[in-house]
Amino acid sequence: MSSFYDYSVPMPKGGELSMADFKGKVVLVVNTATGCGFTPQYKDIEAMYEKYHDKGLEVLDVPCNQFAGQTPGSDDEIHEFCTLKYKTQFPQMKKSDINGENALPLFTFLKSKQGFHGFGKGPKALIMDQMLKKIDKDYKNNPDIKWNFTKFLVDRNGEVIARFEPMDDMKKIDAAIAQAIG
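The rules behind these values
Residues numbered from 1 in each chain as written. Predicted model: local features only at pLDDT ≥ 70, side-chain atom pairs only at ≥ 80, totals over all residues. Heavy atoms only, no water. Salt bridge = Lys/Arg side-chain N within 4 Å of Asp/Glu carboxyl O. Helix = DSSP H or I, 4+ residues; strand = E, 2+ residues; numbered from the N terminus. Buried < 20%, exposed > 50% of the residue type's maximum accessible area, 1.4 Å probe, protein only. Expected span 1.5 Å × (residues − 1). Arc of directions from axis to C-beta. Pairing = 2+ DSSP bridges. Axes fitted to C-alpha atoms, helices over the stretch in contact; angles between N-to-C directions. Phe/Tyr/Trp six-rings, centres within 6.5 Å; stacked < 30°, edge-to-face > 60°. Lys NZ or Arg CZ within 6 Å of the ring centre and 35° of its normal.

**Notes on the pattern of salt bridges**
Where charged atoms from two side chains of opposite charge approach closely, those side chains can pair.
Reasoning step 1: The tally for this structure, following the rule as stated, stands at eight salt bridges.
Reasoning step 2: For Lys 13, the salt bridge is made with Asp 76, and the minimal N-O distance between the two is 2.7 Å. A residue pair is termed long-range when its members are at least 10 positions apart, and Lys 13 in the loop between strand 1 (8-10) and strand 2 (16-18) and Asp 76 in helix 2 (residues 75-85) qualify at 63 residues.
Reasoning step 3: Taking the relative accessible area as the measure of exposure, Lys 13 reaches 69% and is therefore exposed.
Reasoning step 4: Using a relative accessible area of 47% as the deciding quantity, one classes Asp 76 as partly exposed.
Reasoning step 5: One salt bridge connects Lys 133 with Asp 129, and the closest N-O pair in it is separated by 3.3 Å. Of this pair, Lys 133 and Asp 129 are both found in helix 4 (residues 123-135), four residues apart, which corresponds to roughly one turn of the helix.
Reasoning step 6: One connected set of salt bridges, linked through shared partners, spans Asp 129, Lys 133 and Lys 140.

Printed below as a string of structure tokens:
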């Protein structure tokens, strides 16, 4: 498979959501968690969704429990948490793996198009670097997703145009979406 549109992801109640449904749209793909220090980003993601949805933005929220067990709930519990606490309107997909042998093929594709480029500077970047070095000394040299709330931006043609790490400024992500929306 060579195109974003060739993939699908499982939905919580069964069935698959095809990325082909997003042709002509800008898509922000996010691996999320309900008990993470970055979980408040749901508020910003929802604000961007509300700001740009009518102009063609879709958010693909894929909960994942691979990072310190920070998404322990069921799909229903995750949905309830997101809608009650952050008033999210975009759908959450079925909780899934994004790294390793059971990773969703979509995430394998996304990582092949936008590898890891580092965490940037600042205290959160240093903390992530120190924590990840304990888990994998060579973490910087593979495309795996490093933590919850890594984001991929896909343009209207299905091209993966950016990868954002969890500590990237949400204003930077907003600007990239605005540019992709056109």
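**Some words on helix 4**
Reasoning step 1: If you check helix 4, its first and last C-alpha atoms are 19 Å apart, about what 13 residues at 1.5 Å a residue would give, namely 18 Å.
Reasoning step 2: Buried residues of helix 4: Ala 125, Met 128, Asp 129 and Leu 132, and no others. The buried residues of helix 4 occupy an angular sector of 105° when projected down its axis, which confines them to one face. Facing away from the buried side of helix 4 by over 90 degrees, the exposed positions are Pro 123, Leu 126, Ile 127, Gln 130 and Lys 134.

**Quick look at the sheet that holds strand 3 (residues 26-32)**
Reasoning step 1: If you walk across this open sheet you meet the four strands as 4-3-5-6, and the pairing is mixed. The open sheet has two free edges, formed respectively by strand 4 (57-63) and strand 6 (160-164), since each of these has just one partner strand. With direction set aside, neighbouring strand axes in the sheet form an average angle of 15°.
Reasoning step 2: Of the strand pairs in this sheet, strand 3 and strand 5 (residues 151-154) are connected by four bridges, and their pairing is antiparallel.

**A short note on the packing of aromatic side chains**
For any two aromatic rings, the description comes down to two numbers: the centre-to-centre distance and the angle of the planes.
Reasoning step 1: All chains considered together, the criterion is met by 12 aromatic pairs.
Reasoning step 2: The interplanar angle of 90° and the centroid separation of 5.4 Å between the aromatic rings of Tyr 42 and Phe 149 together place this pair among those described as edge-to-face. Taken together, the positions of Tyr 42 in helix 1 (residues 41-52) and Phe 149 in the loop between helix 4 and strand 5 put the pair 107 residues apart, joining distant regions of the chain.
Reasoning step 3: The exposure class assigned to Tyr 42 is buried, which follows from its relative accessible area of 0%.
Reasoning step 4: The structure contains a cluster of three or more aromatic residues connected by ring pairs, namely Tyr 42, Tyr 49, Phe 81, Tyr 86, Phe 90 and Phe 149.
Reasoning step 5: Lying over the aromatic face of Phe 116, Lys 146 brings its terminal NZ or CZ to 4.9 Å of the ring centre.

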